[in-house]
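Topology and contacts: notes
Okay, here's what each chain looks like letter by letter:
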Amino acid sequence: MALLSMKSVKKSFDGVEILKGISLEVNEGEILSIIGPSGSGKSTLLRCATLLEEMDDGELYYNGNAVCKSLDSKAVYESHSKLKKISECFGLVFQNFNLFPHMNVLQNICDAPIRVQKRDKSSVEKEAFALLKKMGLEDRAKAYPFQLSGGQSQRVAIARALALNPKILFFDEPTSALDPELTGEVLKVIKSLSDLDIAMVIVTHEMAFAREISDKVIFMSDGVIVESGTPEEVFASNNERTKNFIGALSK
Amino acid sequence: MNILDIALKLAPGMLVSIQIFFTTLLLSLPLGLVVAFGRLSKIKVVSYICKIYISIMRGTPLMLQLMVVYFGPYYIFGVSISGSYRVIATVIGFVINYAAYFAEIYRSGIQSMPSGQYEAAKILGYSKSQTFFIIILPQVIKRILPSITNEVITLVKDTSLAFTISVAEMFTMAKALASSTTSMYPFVCAALFYYMFNAIVAFVMDMIEKKLEYYK
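Everything in this summary refers to the structure shown in the same document.

Basis of the calculations
- Along each chain, residue indices are assigned from 1 in the same order as the chain's sequence is written.
- Labels are handed out in written order, letters beginning with A for the chains and numbers beginning with 1 for the ligands.
- The model is predicted, so local features are restricted to residues of pLDDT at least 70 and side-chain atom pairs to those at 80 or more, both for listing and for counting; the totals for chains, interfaces and linings are taken over all residues.
- Think of the side-chain values as coming from all heavy atoms in the structure, minus any hydrogens and water.
- Here, any two strands with at least 2 DSSP bridges between them count as paired.
- Each helix corresponds to a stretch of at least 4 residues labelled H or I by DSSP, and each strand to a stretch of at least 2 residues labelled E; elements are numbered beginning at the N terminus.
- Between the rings of Phe, Tyr and Trp (Trp by its six-membered ring), a pair exists once the centres lie within 6.5 Å; its type follows the angle of the planes, with under 30 degrees stacked, over 60 edge-to-face, and the other angles tilted.
- Each residue's exposure class comes from its accessible area (1.4 Å probe, protein chains only) as a fraction of the maximum for that residue type: buried when under 20%, exposed when over 50%, partly exposed otherwise.
- For helices, the axis comes from a line fit to the C-alpha atoms of the stretch in contact; other axes are also lines fit to C-alpha atoms, and the angle between any two N-to-C directions lies between 0 and 180 degrees.
- Residues count as neighbours in contact if any of their non-hydrogen atoms are within 4.5 Å of one another.
- Accessible area that two parts lose when put together, evaluated with a 1.4 Å probe and summed over both, is termed the buried area.
- Every case where a carboxyl oxygen of Asp or Glu lies within 4 Å of a side-chain nitrogen of Lys or Arg is listed as a salt bridge.
- Polar contact is defined as a pair of N or O atoms within 3.5 Å, subject to the rule that within protein one atom must be able to donate a hydrogen and the other to accept it, and that residues adjacent in sequence are counted only when both atoms are side-chain atoms.
- The residue classification treats Ala, Val, Leu, Ile, Met, Phe, Trp, Tyr, Cys and Pro as nonpolar and Asp, Glu, Lys and Arg as charged. All others, Gly included, are polar.

With that settled, the discussion passes to the pairing of strand E11 (residues 224–229) of chain A. Direction of pairing for strand E10 (residues 216–221) of chain A relative to E11(A): antiparallel, over a ladder of 5 bridges. The residue of E11(A) that forms the bridge with A:Ile218 is A:Ser228.

Written out as structure tokens, the structure is:
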């Protein structure tokens, strides 16, 4: 059974159809990259998958548990309490980090596991320090977000998402707000997560990175999936639209 | 009569002023938050009622509101009012007036919060009330503190309006003393009192602002 399954997802904003029936599956531990031009609906797709946005029509399942089903061409969502339970299995890393500015790094990471998951404080903090070490930030535990560089902020945001032990982690253009140097350090960290056995769905414009890390790549344009397959297949595609996009970016 | 004697004579009034000040603050700050919630409510009727309430409170003089609260029960319902109702009426008048102003300050602060903070909280599993009280409100307080300070300073001076319904607060007493002794000094003493009171308020608010400077 797929960990994440989306079927014929449709979403419009003010009458403009952004997603025109997207279907995809992600299995446990799998890494999926979604590439495509701006405005193609990649971020909207992630926002639908993470329940930040309600889809108009389509179906969404995590581990076979329905989040919403299509009924008479309308997405019908499950009850709030069911959604809350299902939401525990995924995390999201935002383009602009969205750290909590009034909490220091350690509090940013530990507050949700302690308060939301009601876990023991000392064991959460121990885990948090291990995560910070993995992120190369063990000396920044007491720093506040305004004292961090963009790359450090994003690494803290990744640690914060991981602290809740998600089965699948979404990344919404995690390096788009960073300069090339900082991009490198964040990509390195994401790459290092591939041995954690967490499934990842990454919306990115970093083609070389997508090619190297992914098990599967999806190319989206104008609200539809133009092409999907292994990185080798997509990057060697003969499809005109795909070729143009990848060609333009690797020049 | 030297200024110290005057101050001693006015002391009971000062206590009443201070009492009105703290009671108003203690009650109107939370009430303002409730009104702000109502104003931001998705339920149209609630939001509209709060809007009208704020509009009336801001659009009419506080002095008039005090009189309505004090004399209203008698004129409208024929209830006889006792002298002890004076202080209560004052506090009610101040609280409903200041809550309206505070509500608008809270609202501006809440609406200035970037949606990313709400989204991050939602993804991390915080409930709606956890999101508000743990993530949003602390940041809102930092943002609105300068505006709150403004209102609090105005409140110190506004306590003198209680004289319109003859509450024996400091200004009422100063006025009486000035006319009975035909002297300016009671007013000088009153001015000093308000000035020093506000100096302390400004100092305390400044300290709180400094305390919140640990993050940006």
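Let us now look at the packing of aromatic side chains. Residues and elements named next belong to chain B. Scanning all chains against the criterion turns up 21 aromatic pairs over all chains. Arranged with centres 4.9 Å apart and planes meeting at 65 degrees, the rings of Phe21 and Phe197 form a pair that is edge-to-face. On the criterion of sequence distance, the pair formed by Phe21 in helix H1 (residues 3–39) and Phe197 in helix H8 (residues 185–211) is long-range, its members being 176 residues apart. In this structure Phe21 comes out as buried when scored by relative accessible area, which is 3%. With 5.4 Å between their ring centres and 65 degrees between their planes, Tyr74 and Tyr75 make a pair best called edge-to-face. Here Tyr74 falls in the partly exposed class, since its relative accessible area comes to 44%.

All names here are of chain A. With mixed pairing, 6 strands are arranged side by side in an open sheet as E7-E8-E9-E3-E10-E11. The open sheet has two edge strands with one neighbour each: strand E7 (90–93) and E11. Averaged over all pairs of adjacent strands, the angle between their axes in this sheet comes to 15 degrees, without regard to strand direction. Pairing of strand E3 (residues 31–35) with E10, which is carried by 4 bridges, proceeds in the parallel orientation. Pairing of Ile35 across the sheet is with Phe219, part of E10. On the sheet, helix H1 (residues 42–49) packs against E3, E7, strand E8 (168–172), strand E9 (199–203) and E10 and is oriented at approximately 145 degrees with respect to E8.

Right, let's talk about unusual backbone geometry for a bit. Even without glycine at this site, A:Asp197 takes up a positive phi of about 65 degrees. Mapped onto the elements of the fold, A:Asp197 is located in the loop between helix H6 (180–192) and E9. Its identity is not glycine, yet B:Thr182 carries a phi of approximately 40 degrees, on the positive side. Position of B:Thr182 relative to the elements: it lies in the loop between helix H7 (170–181) and H8.

Another aspect to go through is the interface of chain B and chain A. Of the residues lining the interface, 19 residues belong to chain B; the matching set on chain A comes to 23 residues. Taking both partners together, chain B and chain A bury about 2,000 Å²; carbon and sulfur atoms supply 64% of that area. Counting the surface chain B buries against chain A, the share from its top three residues, B:Ile123, B:Leu124 and B:Tyr214, is 32%. Joining chain B to chain A, the criterion identifies 1 salt bridge. With its nearest N and O atoms 2.7 Å apart, the salt bridge here joins A:Arg47 to B:Glu119. Across the chain B-chain A interface, the total number found is 10 residue pairs in polar contact (both at pLDDT 80 or more). Secondary structure elements with two or more residues in the side of chain B that touches chain A: helix H5 (115–123) and helix H6 (128–158) of chain B. Here the side of chain B that touches chain A is built from residues that sort into 10 nonpolar, 6 polar and 3 charged.

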